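Commentary on secondary and tertiary structure
In case you want the letters, here they are:
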Amino acid sequence: MSLAAQRVQPSWLETLRRASRRHWALLPLSLLLLVVFILPVLAVLLKSLEDAGPAANYTAAVTGVSGIILRQSVVVSAMVTVVSLVIALPFAHVVGRLAPRRLGAIMITAVVASLFVSIVVRGYAWLAILGREGLIDTVASQAGLDIVLAPGRVGVIIGMSQYSVPLMILPIYSAIVRYDPRLDLAAASLGASSLRTMLRVYLPLILPGVGAGCATVFTVTMGYYVLPSILGGPENMMIGTIIAQKAQRTLEISSASAISVILLVISLVSFIVIFRATRNDING
Amino acid sequence: MAKRVRQALGVTYGWLVLLLLYVPALVVIPLALSTSPFLVFPPPDYSLEWFSQFVADPTWVNALIRSVQVAAAAAILATLAGLAGAYYITRRKGWQSGVIEPLMVMPLVIPSIVFALGVYTLALQFGLVGNMAALILTHAVLGLPFAYINITVGLSTIDPRLELAAISLGAGPMRAFTLIILPLLLPALFAALTLSFVLSLDETVVALFISGDRTPTLPVKMFSSITYDLSPLVPVAATVLLLLTVMSVLTFVVLRIMVSRLLRLRQG
Amino acid sequence: MSGATVSSNTSRQEVRSDRPLLELIELTRRYQVKDEPAVDRLDLVVDQGEFVTLLGSSGSGKSTTLMMVAGFETPDNGRIVMRGRDITGVSAHRRNLGVVFQSYLLFPHLSVAENVAFPLKARGVAKVEVKRRVAEALEMVRLGEFGNRMPRHLSGGQQQRVAVARATVSRPELLLMDEPLGSLDERLRRDLQEEIRRFHRELGTAVLYVTHDQVEAMSLSDRIVLLRSGRIEQAGPPDELFERPLSPFVARFMGDAAFLAGKVVAVERPGLFRVDVPAVGEVLTVQGVTTLSTGDAVDMMLRSNAVRVAQTEAEGKPSRPHVTIRVRDVTYVGEDIRLTAVAVVTGETFQAVCATHEMPSVGSEQRLAVDQQHCWLIPAVESLDAPLAT
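All of the points below concern the structure found in this document. What you see is a predicted model, and the numbers here were worked out from it, not measured in a lab.

Parameters at a glance
Along each chain, residue indices are assigned from 1 in the same order as the chain's sequence is written. Going through the entries in the order they are written, you letter the chains from A and number the ligands from 1. Residues qualify for local features only when their pLDDT is at least 70, as the model is predicted, and side-chain atom pairs are given and counted only at 80 or more; totals for whole chains, interfaces and linings, by contrast, use all residues. Each helix is a run of H or I in the DSSP string that is no shorter than four residues. Each strand is a run of E no shorter than two, and both are numbered from the N terminus. Any residue with 12 or fewer other C-beta atoms within 10 Å of its own C-beta is exposed, any with 20 or more is buried, and the rest are partly exposed; the C-beta atoms used are placed from the backbone. Remark: residues whose backbone-derived C-beta atoms lie within 7 Å of one another are considered to be in contact. Take the buried Ala, Val, Leu, Ile, Met, Phe, Trp, Tyr and Cys residues, join any whose C-beta atoms are within 7 Å, and the set you get is a nonpolar core. The span you would expect from a helix comes to 1.5 Å times its residue count less one. It is the directions from the helix axis to the C-beta atoms that the arc portrays. Gly is put with the polar residues, along with every residue not named as nonpolar or charged; the nonpolar set is Ala, Val, Leu, Ile, Met, Phe, Trp, Tyr, Cys and Pro, and the charged set is Asp, Glu, Lys and Arg. Here an axis means a line fitted to C-alpha atoms, over the contact stretch when the element is a helix, while the angle between two N-to-C directions is reported on a 0 to 180 degree scale. Put simply, angles under 35 degrees are roughly parallel, angles over 145 are roughly antiparallel, angles from 65 to 115 are roughly perpendicular, and the rest are oblique. Strands are labelled as partners when DSSP assigns at least two bridges between them. A crossing counts as left-handed when the near helix is turned anticlockwise from the far one by less than a right angle, and as right-handed when that turn is clockwise.

On to the overall build of chain B, then. Scanning chain B from terminus to terminus reveals 12 helices and 0 strands. Projected onto its principal axes, the C-alpha coordinates of chain B cover approximately 70 × 70 × 40 Å. Counting across all 268 residues of chain B, residues that qualify as buried make up 52%. For chain B, contacts bridging at least 24 residues in sequence account for 72% of all contacts bridging at least 6.

This paragraph deals with the overall build of chain A. Secondary structure summary: chain A contains 14 helices and 0 strands in total. Counting helices and strands in the order they occur from the N terminus, chain A gives α-α-α-α-α-α-α-α-α-α-α-α-α-α. The buried share among the 284 residues of chain A stands at 48%. Within chain A, residue pairs in contact and separated by at least 24 positions form 75% of the contacts whose partners lie at least 6 positions apart.

Turning our eyes to something else, we now look at the nonpolar core. Judged by nonpolar contacts, the single largest core of 290 residues is most densely connected at A:Tyr124, B:Ala237 and C:Met300. Ignoring any residue separated from it by four or fewer positions in sequence, one finds B:Ala237 in contact with B:Phe54, B:Trp60, B:Leu218 and B:Met222.

Attention now moves to helix 6 (residues 186-203) of chain C. Residue and element names in this part refer to chain C. Along its 18 residues, helix 6 runs 26 Å from first to last C-alpha, staying within 8% of the 26 Å computed at 1.5 Å per residue. Among the residues of helix 6, those classed as buried are Leu192, Ile196, Phe199 and His200. Down the axis, helix 6 shows its buried residues gathered within 95 degrees of arc, on one side only. Residues of helix 6 that are exposed and point over 90 degrees away from its buried face: Arg187, Glu194, Arg201 and Glu202. At its buried positions, helix 6 is contacted by strand 3 (51-55), helix 5 (156-168), strand 8 (206-211) and helix 7 (214-220). One or two residues past the end of helix 6 sits Gly204, with phi positive at roughly 70 degrees.

Here we take up the interface of chain B and chain A. On the chain A side, the residues contacting the 80 residues of chain B number 78 residues. Here the side of chain B that touches chain A is built from residues that sort into 56 nonpolar, 17 polar and 7 charged.

Let's shift gears to the interface of chain B and chain C. Listed per partner, the contact involves 19 residues of chain B and 23 residues of chain C. At 6 residues, the largest contribution of residues to the side of chain B that touches chain C is made by helix 8 (residues 161-168) of chain B. Residues belonging to the side of chain B that touches chain C are distributed by class as follows: 10 nonpolar, 5 polar and 4 charged.

Let us now look at the packing of helix 4 (residues 54-62) of chain A against helix 5 (residues 64-98) of chain A. Residues and elements named next belong to chain A. Axis separation between helix 4 and helix 5 bottoms out at 5 Å; the angle between their running directions is 55 degrees. With respect to each other, helix 4 and helix 5 are oriented oblique. Along the contact surface, helix 4 presents Ala60, Ala61 and Val62, while helix 5 presents Gly64, Ser66, Gly67 and Leu70. Among the residues making up the contact of helix 4 with helix 5, the classes are represented as 4 nonpolar, 3 polar and no charged.

So, about the pairing of strand 13 (residues 282-288) of chain C. All names here are of chain C. In this structure, strand 12 (residues 272-277) lies alongside strand 13, joined through 6 bridges in antiparallel fashion. Its bridge partner lying in strand 13, Arg274 is registered against Thr285. One ladder, built from 2 bridges, connects strand 13 with strand 20 (residues 375-379); its direction is parallel. By the bridge assignment for strand 20, Gln287 is matched with Trp376.

Let us look at the sheet that holds strand 20 of chain C. Strand order in this closed barrel of 5 strands is 11-12-13-20-14 (chain C), and the pairing throughout is mixed. Across the sheet, the mean angle separating the axes of adjacent strands is 55 degrees when strand polarity is ignored.

The subject of this paragraph is helix 6 (residues 112-125) of chain B. All names here are of chain B. Under the 1.5 Å per step criterion, the end-to-end length of helix 6 is 20 Å for 14 residues, consistent within 8% with the ideal 20 Å. Of all 14 residues in helix 6, 12 are buried, a share of seventy percent or more. What helix 6 keeps buried is the set Ser112, Ile113, Val114, Phe115, Ala116, Leu117, Gly118, Val119, Tyr120, Thr121, Leu122 and Ala123. Directly after helix 6, the chain includes Gly127, whose backbone phi takes a positive value near 60 degrees.

Turning to the sheet that holds strand 4 (residues 77-82) of chain C, a few remarks are in order. Sheet strands pair by backbone hydrogen bonding; their relative direction is either parallel or antiparallel. Residue and element names in this part refer to chain C. Pairing within the open sheet is antiparallel, and its 4 strands lie in the order 2-1-4-5. Edge strands, defined here as strands with exactly one partner in the open sheet, are strand 2 (39-46) and strand 5 (85-86). Examined bridge by bridge, strand 4 and strand 5 share 2 bridges and lie antiparallel to one another. From the neighbouring strand, Met82 faces strand 5, where its bridge partner is Arg85. In this fold helix 2 (residues 62-70) packs onto strand 1 (22-29), strand 2 and strand 4, with an angle of close to 120 degrees to the strand it touches most, strand 1.

The next subject is the environment of C:Met301. Residues and elements named next belong to chain C. Within the secondary structure, Met301 is located in strand 14 (residues 297-302). Taking the C-alpha atoms as reference points, Met301 and Asp256, 45 residues apart in sequence, are found 9.6 Å from one another. Filtering out sequence-adjacent residues up to four positions away, Met301 remains in contact with Ala251, Ala257, Phe259, Cys375, Trp376 and Ile378.

Two quantities define a packed helix pair, namely the angle between the axes and the distance from one axis to the other. All names here are of chain B. Two numbers describe how helix 4 (residues 58-91) lies on helix 7 (residues 132-156): the axes approach to 6 Å, and their chain directions differ by 40 degrees. In terms of axis orientation, helix 4 runs oblique to helix 7. Relative to helix 7, helix 4 is oriented so that their crossing is right-handed. By residue class, the composition of the contact of helix 4 with helix 7 is 19 nonpolar, 8 polar and no charged.

Here is the structure:
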């Protein structure tokens, strides 16, 4: 983990180890993780087996209304992933390679900092821009058009894509920064055109970053609750919305838990699949 | 020449994306100053009416205070737990780090709605819905990975043998830690505090489940209001939340500069 | 802490000023059970005011030994005794030693003066007293003006001096130095060696010093302890290790020398032998390791003071002992030259550093005059099972 620690002659570390033989140092962290993290996740797993029984809970989760919403969530998440990729990839390229170094650093910091903007605030703001009598509607109605994007699927995709763009940019950016620009020269010296170099050298080498970005965005979007609730309305529920409704309004906790477990599995599986597919073996 | 044009185009695109990331949220500010009780943008006219209503409404003000209290407590907890854990694990490369580190990353990977449901289930079981301590602990866990990572990175920039030097000069291990490691770690600690504070301040999903109907945090009250009655006080609350976020980040930046200035000023 | 109980027991032991300052008794440390120990049953005594150097190549156990004395490592076996009091289990910060590390380890957020004040404050010394002693210590290392500077604004040599001031300001009886000049360039090293000798003289503190550089060890130490694979190969004053080594390893580690094979033909008296050296072609009378006996195969060691390129007729007289050589290579190394030579009679190839008036040309035949008084006999390398590593 820490580089400095590894550089130390091994013999010297002993005192530090002895000083840290205070196992209590790990206690608050372990307790927090155990009681407030592991137990809740276990509770969801266990609850999904209760009441009507595991078979009924899980069948209900993938059929009927929640089944439809489940499929709908996958579609919406995939679209959000594509939209944010289209926006993020050129941006990461600009910041990582085109822009002057200092400006690039400032821009990437700004991207990270934008994650600080509250989700609820974003949701409300998009409602004001995309909703009835919002910015777009007001402008469009002067031209005799009626464009109301929220509540609605387009609104959900716009709002969630805006939140996901930074999550997509960061892994791609770090892959681009690691790309050695001298490879371009090498390819050119071997007679490759710049387009060919781009397609055959550059893209394959930054693909793992793209994969990591897609995996992150897809899984995060799948589990989203706040933005789809604000921007989606009743017809455009996401899986998160139905979990919340079942748990809080109708108190079907077991059913909500079963859906949660499915969401968890989809998230983890898609994460692993996308990650594997784009990992190139050159980087190990 | 072609390269310069490409660069200019690229940078312009970059600024456009940054505008997309920041500007939409800013529309809440004119909305907060709107005269209309409805969500109309652009606003017909401007006034401070909703601001004064917000300040006079104890449910909104209490939600704000509650949010800040929870965030502060959660940030301190996450930072302390992260500090103890990071210190222990970087100094001791045993099996513990193999178990703890993946666990620390899990809260980042598991969808917050699943986590929230789990916490809710437990809270129902033990009658903790609406309990502020439960909310604080949960938020602390959500901030923990960020605190831990920041502090670990901070520790890795400090030569661990400085501690040995201090001990060899007669300082006990505790003294060596507080006099040598802690001051050098201050920037990382500030970062950990700020991150986990802002994270808790904005956290909505878990809070929606367990903060309870009568004791909502500010984002929860905003969310309920947006989905039910769309109160004209929502944009005011949103503006306040934005301001709070900006202020905590600014505080962090100022503190950091002060610390490094403090070290540099004393060159003599 | 495990040390707490031990220290409360041992603190009742009387601290006796008639006992040696530091005794290491059968000190042993092994990192892995199956490995050879890093330090193997080491016995060592350091007296008050003495400058003792642990010399050895990397992996010889010198640093491990120092770290055990400092309290940063726990010995698996054996005891560390200071002034008759067993401190083996005492925590590092209660040992009252000064330690100077190779990388100085100055606290980057504290000024030079605050760095030097650190050990005094840790011991609860009164403020006025701290100020006075810090000034004194900085004066001693000639950095009186630098108290308010931050460490990173000092040069490597200055940082090193601050580290010495910091380690000695609390007046420990024993100062440990772990390759303190290791990261400095050659010129600075020589300058700072002089400084360190001066600190040692002025403070009267005993020093336990670790280095891999035998020249540094010889110029600084009252006594050198040459370690090899965790054991003491030989300990004694610098001239003893240099001129009268007990083993081929010590002979080679301490500096350049030519070695010529020979055989003991008679023992004149303990330590003085008649030895037949074929390359010289006669029987010489030479001092050597006392354990040698008649019939032993030996190497005759010739340091640069025992051999020179014969110039004059007198030196080259066949009656004086000499080796006839053919020069295979020659390098100029300051006052002396380094010859790679083949003995004409025996065909032995050896290197010799020796004085000369003019550079002999490669391929030429020369006579090397041998001064029997400065030669020294050691057991031949063949009689040792362990390979040599210098």
